[in-house]
Amino acid sequence: MALLSFRKNKDVAETPVNPQLEAFLQDYSIEVMPRTAEKVENFRDLLPAGTRVYIAHIEGTPIEDMVATAKRLAADGYEVMPHFPARIIKDEATLADWIARYQGEANVNEALLLAGGVTEPHGAYHSSMQLLESGQFDKAGFKRLHVAGHPEGNRDIDKDGSDKNVQEALRWKQKFSDTTDAQMALATQFAFEAKPIIAWADAIKEAGIALPIHIGIAGPAKLQTMIKFAIACGVGPSLKVLQKRAKDVSKLLLPFEPTDVLTELAAHKAANPDFNVTNVHFFPLGGIKTNANWAIANGGASAVPASQS
């Protein structure tokens, strides 16, 4: 049996650390929004140096707020990856302007490209593939481009419940990666159960998708909060994990933590080093500080610089 190590900081009591989980959490990333980032007095107290921080671009958020958040995080020594949601970008001039602002003001050279949560496109783009095809990111010298992955499918893309269109998009993105210099990875929607994640990751690998997977995981939050976000984000079969817990009155008011799903994924990674899930990406549904302290308590404080991923 592996020996347990310990992690401690001023906000986290000394706790034993599962070495497999600690290894799996190395180089984790986390997502923020401008309004949630404003509530954090000092990110350096919470996140390891070099952590990749995604900045979610929700419809209606001014680009000035996005760039200001990126500039702050970059100045604090973090790898910044803003969202570029295709459906809220009006035209190519707007896309070029956003890229130029991020690059010029915050020295950003990474992006997460996705369709976005709105139903009707605001302009010329409706998919991340169109953003890739624009050539704007290559022209600006962006070195890393992440795209979305869906371990439990996506009803917005495949309304019949199949995964036909999702798989076709993955094959297109793999070909783009194979024929360009872009460093690409799949950043996924969050799920709550390890076995379906493992099955999906194995299936796309067998289908020839070699892009590394940064698995989306919901950070600690109240169960009611978790269920609300899971339904809103279209989480699939693994939602039953939350629903089962909700039936237990003794657990209803307790925070739901990602310990079980991550421990199982970490054990699988330890037993299968070529497992294509390479990184953990946190959605801090219960707050950035709560999520960061959970990561610290479980070994995430020793993460290596994100630029090495």
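Here is what the cut-offs are and how they apply
Residues numbered from 1 in each chain as written. Predicted model: local features only at pLDDT ≥ 70, side-chain atom pairs only at ≥ 80, totals over all residues. Heavy atoms only, no water. Core = buried A, V, L, I, M, F, W, Y, C linked by side-chain atoms within 4.5 Å. Buried < 20%, exposed > 50% of the residue type's maximum accessible area, 1.4 Å probe, protein only. Helix = DSSP H or I, 4+ residues; strand = E, 2+ residues; numbered from the N terminus. Contact = heavy atoms within 4.5 Å. Phe/Tyr/Trp six-rings, centres within 6.5 Å; stacked < 30°, edge-to-face > 60°. Pairing = 2+ DSSP bridges. Salt bridge = Lys/Arg side-chain N within 4 Å of Asp/Glu carboxyl O. Axes fitted to C-alpha atoms, helices over the stretch in contact; angles between N-to-C directions. pLDDT = per-residue confidence, 0-100. Polar contact = N/O pair within 3.5 Å; in protein donor to acceptor, adjacent residues only side chain to side chain. Right-handed = clockwise from strand over helix to strand, strands pointing away. Parallel < 35°, antiparallel > 145°, perpendicular 65-115°, else oblique. Left-handed = near helix turned anticlockwise from the far one by under 90°. Expected span 1.5 Å × (residues − 1). Arc of directions from axis to C-beta.

This next bit is on the nonpolar core. The biggest cluster of nonpolar side chains holds 70 residues, and the ones touching the most others in it are Phe84, Phe137, Leu262, Leu265 and Phe282. Ranked by the residues each element gives to this core, the list is headed by helix H8 (residues 194-206), at 6 residues. Filtering out sequence-adjacent residues up to four positions away, Phe137 remains in contact with Phe84, Leu95, Ile99, Ala111, Leu113, Leu131, Phe142 and Leu145. Membership of the second largest hydrophobic core comes to 10 residues, among which are Phe192, Ala218, Ala221 and Phe256.

Per the counting criterion, the structure on display carries 11 aromatic pairs. Here the aromatic rings of Phe84 and Trp98 are separated by 6.3 Å at their centres, their planes lie at 50°, and the arrangement is tilted. Pair noted here: Phe84 is in strand S5 (residues 79-85) and Trp98 is in helix H4 (residues 92-106), with a separation of 14 residues, a long-range link. Considered together, Phe84 and Trp98 belong to a single accessibility category, that of buried residues.

Burial analysis of strand S7 (residues 144-149) places 6 of its 6 residues in the buried class, the great majority of the element. Pairing between S7 and strand S8 (residues 183-190): 6 bridges, direction parallel. Each bridged residue has a counterpart across the sheet, and for Arg144 the counterpart in S8 is Gln183.

The tally for this structure, following the rule as stated, stands at 6 salt bridges. The shortest N-O distance in the salt bridge between Asp76 and Arg44 comes to 3.6 Å. Within this pair, whereas Asp76 is found in the loop between helix H3 (63-75) and S5, its partner Arg44 is found in the loop between helix H2 (34-37) and strand S4 (52-55), the two being separated by 32 residues in sequence. A salt bridge links Arg52 to Glu110, with the nearest nitrogen and oxygen atoms 2.9 Å apart. Residue Arg52 is found in strand S4, and its partner Glu110 is found in strand S6 (residues 110-114); the two are separated by 58 residues along the sequence. Comparing Arg52 with Glu110, the two get one shared label, buried. Within the structure, one salt-bridge network assembled from shared partners comprises Glu64, Asp97 and Arg101.

Looking now at the sheet that holds S6. In space, the 8 strands of this closed barrel follow the order S3-S4-S5-S6-S7-S8-S9-S12, with parallel pairing throughout. Sheet twist, expressed as the average angle between the axes of neighbouring strands with direction ignored, equals 30°.

Confidence in the prediction of the chain, expressed as mean pLDDT, is 86, and 81% of residues score 70 or more. Scored below 50 in pLDDT, residues 1-8 makes 23 contacts in the model with residues more than four places away or belonging to other chains.

Inspection of the secondary structure assignment puts His146 in strand S7. Given a relative accessible area of 0%, His146 falls into the buried group. Within the structure, the side chain of His146 is placed 2.8 Å from the side chain of Tyr54, a separation counted as a polar contact. Once residues within four sequence positions are removed from consideration, His146 is found in contact with Arg52, Tyr54, Met81, Ala111, Leu112, Leu113, Gln183, Met184, Ala185 and His214.

Of all 7 residues in S5, 7 are buried, a share of seventy percent or more. Of the strand pairs in this sheet, S4 and S5 are connected by 4 bridges, and their pairing is parallel. Across the sheet, residue Ile55 finds its bridge partner in S5, namely Pro82. The handedness of the S4 to S5 crossover, carried by H3, is right-handed. Inspection of the sheet shows S5 paired to S6 by 3 bridges, in the parallel sense.

A few words on the packing of H3 against H4. Close contact between H3 and H4 brings their axes to 9 Å; oriented N to C, the two are set at 30°. As summarised for this structure, H3 and H4 are arranged roughly parallel, according to the angle between their axes. When the axes of H3 and H4 are compared, the crossing they make is right-handed. Seen from H3, the contacting residues are Ile63, Glu64, Met66, Val67, Ala70, Lys71 and Ala74; seen from H4, they are Trp98, Arg101, Tyr102, Glu105 and Ala106.

Turning to the environment of His268, a few remarks are in order. Mapped onto the elements, His268 comes out in helix H12 (residues 259-271). Setting aside its immediate chain neighbours within four residues, His268 contacts Ile198 and Phe275.

Take H8 next. In this model H8 runs 18 Å from its N-terminal to its C-terminal C-alpha over 13 residues, within 8% of the 18 Å that 1.5 Å per residue would give. Buried within H8 are the following residues: Ala194, Ile197, Ile198, Trp200, Ala201 and Ile204. Projected onto a plane normal to the axis of H8, the buried residues spread over an arc of 165° and lie on a single side. Exposed and oriented more than 90 degrees from the buried face of H8 are Lys195 and Glu206. Its buried side turned inward, H8 meets S7, helix H7 (164-179), S8, strand S9 (213-218), H12 and strand S12 (277-283).

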